[in-house]
Amino acid sequence: MVNFRKFRLFLYIGLGMMFRLHPSLSWAADAGGQALDIAKLAQAIDTFWVLFAAFLVFFMQAGFGMVEIGLIRAKNSCNLLMKNTLDFCMASLGFFVCGYALMFGLGNGFCGVQGWFLVGAKSGADVPLYAFWLFQAAFCGAAATIVAGGMAERMKFQSYLIYSFLISAVIYPIIGHWVWGGGWLAQMNFADFAGSSVVHAVGGTAALIGTIILGPRLGKYKPDGSANAIAGHNIPLVSLGVFILWFGWFGFNPGSTLGIKDGGNLIALVAINTNLSAVAGTISAMLMVWFIGGKPELSLTLNGALAGLVAITAPCAFVSPGASLIIGAIGGTLVVLATFLLDKLHIDDPVGAFPVHGVNGIWGTLAVGLFGRQALGLASDGLFYGGGFSQLGVQALGIAGIVGFVLLGMGLIFKLIDVTIGLRVSPEEELKGLDIGEHGMEAYSGFQIFITQ
């Protein structure tokens, strides 16, 4: 039988030599000195893992960009990619200035109050502060960029920049503190392993309230109230973007372990749950849209994959692989039903930001209280494992508080922007396309893309 401690020791030594993680490292002859060196190498490996996961989450920005521009019209592609690019910039800036302090600084149950500009800030894990900050900043950027798709094709660029900074610097960090920074929800044993509520429900709910305030695109709804389908211009790009996001989610969820512990068992559980939920979400969305519309439509099927990924993000460390299949299948069904419901309500969400991230962020959070296992690290068993309504009640209270705070906070921010510099471009600019009106350029130079809708 392999001695894991000896194996890990040789692994640490090998990686240290290969990557020169600690070039000044000298192995002491006594056991205490060796233990100290092993601890340093263990931290180095954990740091490498967290940074690698952060890089994967950062690459998800490309996935979001491809999905979003593929689902909108060609005349607005540059505008959306500008917003997608600046999202991460504004998120990084806001999270550096005050976001990290509000989220992880010492404070009270509502927010942190120390660590502005990272001065005096401390890491929230057993890795260096800057590595932990980068991983969390990538999450912050993901939450911010969700809104770009929901408010696409009619929102002013400068207004979007203000929104992006404020959600990253204030709204997201405060909710993050509630759950991951020792705030009031954490004290109640609310559980969200990787961000169904903190990241996705926040971004999805912000997209919903922003879309409602902004209003639908010109020509989206007919005089009789029925929806007019406005097709995306490049579905292959959507498919590419979904696979990039699926790949990046293996950094998003497994990376939230914040280190390689217990022989990698936790990372392995999170990874398989992440994949199985995405698979189930894809299949269930395909079957649902096939049943409703008579054909297995691709864009909603792809959103089903994202729905499964969002839904499993909170419970991924607390449930079995079998449960992840159920969670993903329900998520894929919900995204299709929610998409049709928004059309009925005349809420124009061009890419399905709220059905994917909002609805399934809520569902994934509640799923912890249904399928979660105390044996896997949860405070108490979920409802389906004999734990009663205890954990489910906490999850329901928590997600209600998060959604309510985002609706109120982001609603106020969007309204203030609207009455000062305005949220929406002019009808003429919307018809011509935001690429020309906002940026003076075209995504596909030389091709005629001007249309009358």
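The residue count restarts for each chain, going from 1 along the sequence in the order it is written. Owing to the predicted nature of the model, reporting of local features is limited to residues with pLDDT of at least 70; listing and counting of side-chain atom pairs is limited to 80 or more, with chain, interface and lining totals taken over all residues. Hydrogens and water molecules were not included; the side-chain quantities draw on all heavy atoms of the structure.

The next point concerns the overall build of the protein chain. Each helix corresponds to a stretch of at least 4 residues labelled H or I by DSSP, and each strand to a stretch of at least 2 residues labelled E; elements are numbered beginning at the N terminus. Counting its regular elements, the protein chain contains 15 helices and zero strands. Taken over C-alpha atoms, the radius of gyration comes to 23 Å for the protein chain, in line with the 22 Å a tight globule of 453 residues would show. Exposure is judged per residue with a 1.4 Å probe applied to protein chains only, and the accessible area is read against the type maximum: over 50% gives exposed, under 20% gives buried, and values in between give partly exposed. Per-residue burial for the protein chain yields a buried fraction of 55% across its 453 residues. Note on contacts: a residue pair qualifies if any of its non-hydrogen atoms lie within 4.5 Å across the two residues. When contacts within the protein chain are restricted to residue pairs at least 6 apart in sequence, those whose partners lie at least 24 apart make up 75%. We treat Lys and Arg as the positive residues and Asp and Glu as the negative residues; His and chain ends play no part in the count. Charge placement uses NZ in Lys and CZ in Arg. For Asp and Glu, CG and CD serve respectively. Here the protein chain contributes 21 positively and 22 negatively charged side chains, and the mean placements of these two sets differ by 3 Å. Radius of gyration here is computed from C-alpha atoms only, and the compact-globule reference equals 2.2 Å multiplied by the residue count raised to the power 0.38.

Residues Phe95, Tyr100, Tyr163, Tyr172, Phe252, Met410 and Phe414 are the most contacted members of the largest nonpolar core, which totals 110 residues. The element that contributes the greatest number of residues to this core is helix α4 (residues 129-150), accounting for 14 residues. Here, nonpolar core means buried Ala, Val, Leu, Ile, Met, Phe, Trp, Tyr and Cys residues that are tied together by side-chain atoms lying within 4.5 Å of each other.

Grid points spaced at 1 Å over the protein atoms alone were grouped into cavities, where a 1.4 Å probe fits but cannot get out, and pockets, open sets with protein on both sides within 12 Å along at least five of seven lines, with lining residues defined by an atom within 4 Å of a point. Grid points are joined across faces, edges and corners, and a volume is the space filled by probe spheres set on the points. Here the largest pocket is characterised by a volume of approximately 640 Å³. Lys220, Ser299, Thr339, Asp343 and Pro350 are, among the 28 residues lining the largest pocket, the residues nearest its centre. Going through the elements one at a time, α9 (265-293), α10 (298-313) and α11 (321-344) are the ones with two or more residues in the lining of the largest pocket. Counting residues per element, the lining of the largest pocket draws most heavily on α11, at four residues. The leading source of residues in the lining of the second largest pocket is α4, at four residues. Each residue is assigned to one class: nonpolar for Ala, Val, Leu, Ile, Met, Phe, Trp, Tyr, Cys and Pro, charged for Asp, Glu, Lys and Arg, and polar for all the others, Gly among them. Residues belonging to the lining of the second largest pocket are distributed by class as follows: seven nonpolar, four polar and no charged.

In this section: empty space enclosed by the protein. Evaluation of the coordinates by the stated rule reveals one cavity of 30 Å³ or more. Considering the residues around the largest cavity, the lining is formed by Phe64, Val67, Glu68, Ile146, Leu245, Asn303, Leu306, Val351, Gly352, Ala353, Val356 and His357.

As a further point, take the packing of helix α8 (residues 235-252) against α10. Running from amino to carboxyl end, α8 crosses α10 at an angle of 15 degrees, the nearest separation of the two axes being 10 Å. Relative to α10, α8 is oriented roughly parallel. Note that α8 runs across α10; the crossing there is left-handed. Counted together, Ile235, Val238, Ser239, Val242, Leu245, Trp246, Trp249 and Phe252 of α8 and Leu298, Ser299, Leu302, Ala305, Leu306, Leu309, Val310 and Thr313 of α10 form the full contact between these two elements. Tallied by class, the residues present in the contact of α8 with α10 amount to 13 nonpolar, three polar and no charged. To obtain an axis, a line is fitted to C-alpha atoms, over the contacting stretch when the element is a helix, and the angle between two such axes runs from 0 to 180 degrees between their N-to-C directions. Each angle is binned into one of four classes, with values under 35 degrees roughly parallel, values over 145 roughly antiparallel, values of 65 to 115 roughly perpendicular, and all other values oblique. What makes a crossing left-handed is the near helix being turned counterclockwise from the far one by less than a right angle; a clockwise turn instead makes it right-handed.

Turning our attention to the packing of aromatic side chains. Two rings from Phe, Tyr or Trp (for Trp, the six-membered ring) form a pair when their centres sit within 6.5 Å of each other. Planes less than 30 degrees apart are called stacked, planes more than 60 degrees apart edge-to-face, and all others tilted. Going through the model one piece at a time under the given rule, you end up with 23 aromatic pairs. Ring-pair connections join several aromatic residues into one group, and the members of that group are Phe95, Phe96, Tyr100, Phe104, Phe117, Phe132 and Trp133. Here Lys220 stacks its cationic end above the ring of Tyr221, 6.0 Å away from the centre of that ring. Here, a charge over a ring is recorded when the distance from Lys NZ or Arg CZ to the ring centre is within 6 Å and its angle to the ring normal is within 35 degrees.

Attention now moves to the pattern of salt bridges. By definition here, a salt bridge exists when the distance from a side-chain nitrogen of Lys or Arg to a carboxyl oxygen of Asp or Glu is within 4 Å. Following the criterion strictly, the structure yields five salt bridges and no others. The residue Glu153 makes a salt bridge to Arg73 at a minimum N-O spacing of 3.0 Å. Of the two residues, Glu153 sits in the loop between α4 and α5 (157-180) while Arg73 sits in the loop between α2 (31-70) and α3 (77-104), which places them 80 residues apart along the sequence. With respect to burial, Glu153 and Arg73 carry one shared label: buried.

Moving on, we get to the side chain of Ser284. Inspection of the secondary structure puts Ser284 in helix α9. Two N or O atoms form a polar contact when they lie within 3.5 Å of each other; inside protein one atom must be a possible hydrogen donor and the other a possible acceptor, and for residues adjacent in sequence the pair counts only when both atoms belong to side chains. At 2.8 Å, the side chain of Ser284 and the backbone oxygen of Ala329 are in polar contact. Apart from the residues within four sequence positions on either side, Ser284 is in contact with Gly328, Ala329, Gly332 and Thr333.

This part is about the confidence of the model for the protein chain. pLDDT is a per-residue confidence score from the predictor, ranging from 0 to 100. Across the protein chain, the average pLDDT comes to 93, with 91% of residues at or above 70. Across residues 17-30, where pLDDT falls below 50, the model places 21 contacts with residues more than four positions away in sequence or in other chains.

Any residue with relative accessible area above 30% and no salt bridge may belong to a patch, with like charges joined within 9 Å and the nonpolar Val, Leu, Ile, Met, Phe, Trp and Tyr side chains within 5 Å. In these tables, accessible area is a Shrake-Rupley quantity obtained with a 1.4 Å probe, and a residue counts as shielded only by the protein chains included in the view. A cluster of nonpolar side chains, namely Phe96, Val113, Trp116, Phe117 and Val119, defines an oily patch on the protein surface of about 480 Å² accessible area. With respect to the helices and strands, the residue Val119 is situated in the loop between α3 and α4. On the basis of relative accessible area, Val119 is assigned to the exposed category, the value being 62%.

On to the packing of α3 against α4. Helix-helix packing: each pair is described by the crossing angle between the helix axes and the interaxial distance. Two elements in contact, α3 and α4, have axes whose closest approach is 7 Å; the angle formed by their N-to-C orientations is 130 degrees. Taken together, α3 and α4 sit at an angle that is classed as oblique. Helix-helix and strand crossings are classified by hand; for α3 and α4 the assignment is right-handed. In this structure, α3 contributes Leu80, Asn84, Asp87, Phe88, Ala91, Ser92, Phe95, Phe96, Tyr100, Met103 and Phe104 to the contact, and α4 contributes Leu129, Phe132, Trp133, Gln136, Ala137, Ala138, Cys140, Gly141, Ala144, Thr145 and Ala148. Of the residues contributing to the contact of α3 with α4, the split by class is 16 nonpolar, five polar and one charged.

Before going further, it helps to examine unusual backbone geometry. The phi angle at Leu258 is positive, at roughly 60 degrees, despite the residue not being glycine. You can see Leu258 is positioned in the loop between α8 and α9. Note on Leu258: relative accessible area 18%, which makes it buried.

Attention now moves to α8. The length a helix should cover is 1.5 Å for every residue beyond the first. An ideal rise of 1.5 Å per residue puts 26 Å on 18 residues; α8 measures up with 25 Å between its terminal C-alpha atoms. Of the residues making up α8, those classed as buried are Leu237, Val238, Gly241, Val242, Ile244, Leu245, Trp246, Gly248, Trp249, Gly251 and Phe252. With a side-chain oxygen positioned 3.1 Å from the backbone nitrogen of Leu237, the residue opening α8 is Asn234.

What follows covers the side chain of Ser324. Take Ser324: it is sitting in helix α11. A polar contact of 2.5 Å, which involves the side chain of Ser324, links it to the backbone oxygen of Pro321. Ignoring any residue separated from it by four or fewer positions in sequence, one finds Ser324 in contact with Asn273, Leu276, Ser277, Ile312 and Val319.

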